[in-house]
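Below are the chains, spelled out letter by letter.
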Amino acid sequence: MKLSRRLVLRGLGGVTLSFPALESLLPKAAWGQVGRKRFAIFVRAGNGIVQGSGSDPERFWPDTPGPLTTAGLSTTSADRATSELAAYASQLIFLKNVRLQFPRGSCGHAEAIPQVLTAASQTGGTGNTPRARGMSIDWKIAQANNAPGTAPLTFMAGPRQTYIGEGLSWSAPEMRTTAERSPLNAFMRLTGLASAPPEVQRLIVERRKSVNDFVRDQLRELSGKAQLSANDKRRLALHLDAVRDTELRMTCDLDPAQVTQVQAITQPESNDVRPEVVRRFMDLSAWAFHCQLNSAVTLQVGEGNDQTMYDVNGTRYPRFHWISHRINSDGDMGTPIPNAVELHHQVDRLQLRLFKYLLDRLAAYPSAFGANLLDDCAAVWMNDLGNGPPHSADNTPWIIAGSAGGSLRTGLFVDHQKKPNNLVLNTLGSAVGVRKANGALLDDFGEASLAPGVLSNLLTIS
Amino acid sequence: MRALLFAPLALLACEGSLAGGLIGSGRPDDPHPTPLEKPGVATRVPRLNHVEYENTVTELLHLPAKPNVTATFVSDTTGAAFDTNGGLLNVDSTAWADYQRAAEQLALAATADQAALARTFGGAIPSTPDLQVRALALRAFRRPPTDAEVASLVTLHGKAATLNPSVAPALGGPRLVLEALLQSPNFLYRPELSSEPKNGVVPLDGYEVASRLSYALWRSMPDEALFAAAASGELAVRDSYLVHARRLLADRRARDVVASFHDQLLQVRRVTDVTRNTTLFPEFSVALRDSMMEEQRAFVRDVVLEQKQGLTSLLTAPYSFLDDKLARVYGVSGVTSFSKVTFTDGRRLGLLTQPAFLAVNATSTTSDPIHRGVFVNHQLLCSGLPPPPNVVPMLPAEDPTMPRTLRQRIDAYTGRGTCGEGCHSTFINPIGFGYEHFDALGRWRDTDKGFPVNAADEFMFDEKLAQFDGAGALARAMASSTMAHACYVEHWLEYLYGHRPTDPERPLIDRLAKKSKESDAAVLSLIEELVSSDAFRARAVEVTP
């Protein structure tokens, strides 16, 4: 399908708010409150990182915990993957050695991904079978910050048919949230047009646009009648606003070039467009935050055991999962992949360049409170495994960007010392505004057996 | 108090305006003198409420039944006494989304195929887009579309081929036009834009009058005859206008208006909140609620539409319509299904001795003279009670060592010599005490807490103290008062005119109140007079702020 620039400029944005489906998305109640709006996005990579565990060299983190600076990351730590984020050093928190508390010992991927955002144990099994026994933090945030009934956005860059599919987002114990694989479908859904094929949706948009043009003309003509009272004119102005909100929404709509990029992806599950799909979902996430369509997003990059064959610096790499095993196999027997650790490191860099793309997108939108939208966010990158072989889960890497409206103390590299991830989730949830019933910070998210608490050294609030 | 402020004025000669022509010049020699009944200041763009919307799309699209599209609309909440106050209805983004969705659904159904399209046009499908647009817009806007509007809609019609290529243009064109029409402000509102003053008012044009009349009496759009009369100028001639007013009033749709008015005036839906302990009230059941509502509605239908009586009968008719469940409450035997039962003991007369009023205005265990009194003051007497104080302390609990009737307790707490004297002992309590022979479910009782019921009191009707003993005598006293008749007319004016009555409309209210009281004028004749008044067919020169 082809969405014209005219459609972008005058159509899609021009009808967004008028769609019934979108009306229900608008978080009037939550965002009508006085106070800063905060957002959270969780970008997940798989297969672990090269971070000095086992026989791997340290190629991810700076050498020592402490303050982060752009200069330090880009010079002293230039050979580390995190140097890709040097430009945002003062807005970052590096958190190493975060423990996923409930490994089961059969398949690290299948067991890690359900608990990374839930801090909950999972049901048994392999592949897609394991299910988290708790809600994920994106849902908790959505319940706190979205309009009632508005689910968080759940995206995945990866194939539908796969051994381990999406597993980050859980609306309730054992209730997996299906991820959207197509940026175009996600875009259409956000604009209330998801129930029909894309071409039909485009025509619906254009028809509504044409009808709205007529309605606006009529409203303006009627409003201009001298015989109307000021009160009548106010009533009609309210009506006109309801129609015209969509045009006002243009100021926060996707850049036309980005919409063109969204609609250019016709096979979103294809390996060859995986980084493109990731970037488009990041475009949509930043746009959704800016437009206040949602406050929580998860974006899963690749399958549970990411099988993407990435292109790095013009070279097509073997399957990433194989690289992470250092052999041409999903198991533990196969021919070695030459220079596999370096390839893994390069994929780590690629993943963080993708994350940096998100930070760029967030930073490109203004904020009513800080310098830009990134200041209002907790943008999180994490890997649900700690390393290649043996795919451990007690040293997962987490990177947090943005201060969540000043709630987080940034510019720090912290060793979490293999403490459970529930503390991180409590901290992130609290930072973006989730509170317990008594008004206290969220400190008890996740499985009840985990000790409650927050990372007070990262929080500016209490 | 409103009743005192609106005491009958010496302006009753304005009855002559009905016999005269349209808006006169005001000169002494003018055969059509300036009417004393002037329109009140009101909105020029009343919005259709959901009932009106539902009815209108049914008529507009010639649907065989109401499509029920408004069932999922966000509720209209105006805070007004009646849902017809279109000046308080707005279109915000939520309502707009509802309208958009409904328009698309309705347009799709109306143009599903050639047969549906033919039905939508009421017969033959006009041969050109121009003719189709004119036919549809005339009915949707309830006036002929302007040339510019036709041009815009014809352009829209032509876009269907590209915007809806999977649908044959013969269907897609009208569909797109209908989507636009159903979302147009000229459909969703009833703009009254006539602007030429004449003798201190602005007469409405024929189409505006036609819409006012049809929405007042049918809660829907004009029919073909009314459109034709508007086009021909017929409605500017009083006799012709009256023919149409009477025609509409005789239609079944006017019966719904009568029912809707009384439902809202008497707040009959509150019956659904009534619950009672079946140990204390074995006659109560959930099904009894339906019977209570149906009793009130059947009574209103009979008095107003069948017997063609007025307010006096509504207040004092010695009968009602009971089924077996109600018969148990009434203590009447031999009733198996809804039928008319006449009371000969004088205990029950009219609407206000029916359980739909008595049980709603009661607690779960006892009668509630205060709320019964407040309700009657507000809804039946328009006595203009001020709002209660912010903090209303509870009635002190019963003292088991000193048994008293509920009346005695209320009197001790709010009667003369207490802080409640101003409103309670003067306005609220006397009326409420009149119903003390009826318990929390509306059953008759002679005693309360072992003491004889005292239902006697006095009330200032029309600046004259009237004494009564019991609900029957109270009903007769009310029916004899100008106060009650003026209140009833005032409510009807608000309902039919779609706004709270204003000072210029006071002469009309007073004239009809007098007529209602002195000749027990039929409710239908009051309605006819209200929609036949010059005030109904004009708007004020002034605009609301």
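Analysis parameters
- Residues numbered from 1 in each chain as written.
- Chains lettered and ligands numbered in written order.
- Predicted model: local features only at pLDDT ≥ 70, side-chain atom pairs only at ≥ 80, totals over all residues.
- Heavy atoms only, no water.
- Helix = DSSP H or I, 4+ residues; strand = E, 2+ residues; numbered from the N terminus.
- Buried < 20%, exposed > 50% of the residue type's maximum accessible area, 1.4 Å probe, protein only.
- Contact = heavy atoms within 4.5 Å.
- Areas by Shrake-Rupley, 256 points an atom, 1.4 Å probe, with all protein chains shown as cover.
- Salt bridge = Lys/Arg side-chain N within 4 Å of Asp/Glu carboxyl O.
- Polar contact = N/O pair within 3.5 Å; in protein donor to acceptor, adjacent residues only side chain to side chain.
- Nonpolar A, V, L, I, M, F, W, Y, C, P; charged D, E, K, R; others polar.
- Expected span 1.5 Å × (residues − 1).
- Arc of directions from axis to C-beta.
- pLDDT = per-residue confidence, 0-100.
- Disulfide = S-S within 2.5 Å.

Participant: Explain the overall build of chain A here, please?
Facilitator: Scanning chain A from terminus to terminus reveals 14 helices and twelve strands. Going through the 462 residues of chain A one by one, you find that 62% of them count as buried. A fraction of 70% describes how many contacts in chain A between residues 6 or more apart in sequence connect residues 24 or more apart. Accessible surface, chain A: about 16,100 Å² in total, of which carbon and sulfur atoms supply 52%.

Participant: Would you mind going over the environment of A:L441 with me for this structure?
Facilitator: Here A:L441 shows up in the segment after α14 (422–431). Every residue in contact with A:L441, bar those within four places of it in the chain, is listed here: A:S430, A:R435, A:K436, A:L459, A:I461 and A:S462.

Participant: Could you clarify how one ought to interpret the interface of chain B and chain A in this entry?
Facilitator: Interface extent is often summarised as the accessible area lost during association of the parts. Every contact between the two is made by 44 residues of chain B and, on the other side, 31 residues of chain A. Taken together, chain B and chain A are joined by one salt bridge. Across the pair B:E104 and A:R208 runs a salt bridge, and its minimum N-O distance is 2.8 Å. Our enumeration of links across chain B and chain A arrives at 18 residue pairs in polar contact (both at pLDDT 80 or more). Sorting the residues of the side of chain B that touches chain A by element identifies α4 (93–110), α7 (147–163), α8 (169–183) and α9 (185–188) of chain B as the ones contributing at least two each. Class assignment for the residues of the side of chain B that touches chain A results in 20 nonpolar, 15 polar and nine charged.

Participant: I'm lost on helix α12 (residues 238–250) of chain B in this one. Help?
Facilitator: For an α-helix, 3.6 residues make a turn, and residues three or four places apart therefore share a direction. Residue and element names in this part refer to chain B. Here α12 contains 13 residues, and its C-alpha end-to-end distance of 18 Å stays within 8% of the 18 Å for a straight helix at 1.5 Å per residue. Along α12, the residues that are buried comprise R238, Y241, L242, H244, A245, L248 and L249. The arc that holds every buried residue of α12, seen down its axis, measures 165°, which confines them to one face. Exposed and oriented more than 90 degrees from the buried face of α12 are D239, V243 and A250.

Participant: Can you walk me through the confidence of the model for chain A in this structure?
Facilitator: The predicted coordinates should not be examined in detail at positions where pLDDT is low. All names here are of chain A. Looking at chain A, pLDDT values average 85 and 85% of them are 70 or higher. The low-confidence segment residues 1–34, where pLDDT is below 50, has 114 contacts with residues more than four positions distant or belonging to other chains. Scored below 50 in pLDDT, residues 247–251 makes 15 contacts in the model with residues more than four places away or belonging to other chains.

Participant: What am I meant to see in the state of the cysteines here?
Facilitator: Disulfides are covalent bonds that link the sulfur atoms of two cysteine residues. Residue and element names in this part refer to chain B. If you walk through the whole model with that rule in mind, you get one disulfide over all chains. The disulfide that involves C382 links it to C487, with 2.0 Å between the sulfurs. Between C382 and C487, the S-S torsion sits near 75°, and that sign places the bridge as right-handed. Of this pair, C382 sits in the loop between α18 (369–380) and α19 (406–414) while C487 sits in helix α22 (residues 482–497), and the two are 105 residues apart along the sequence. Like C382, the residue C487 is buried in the burial classification.

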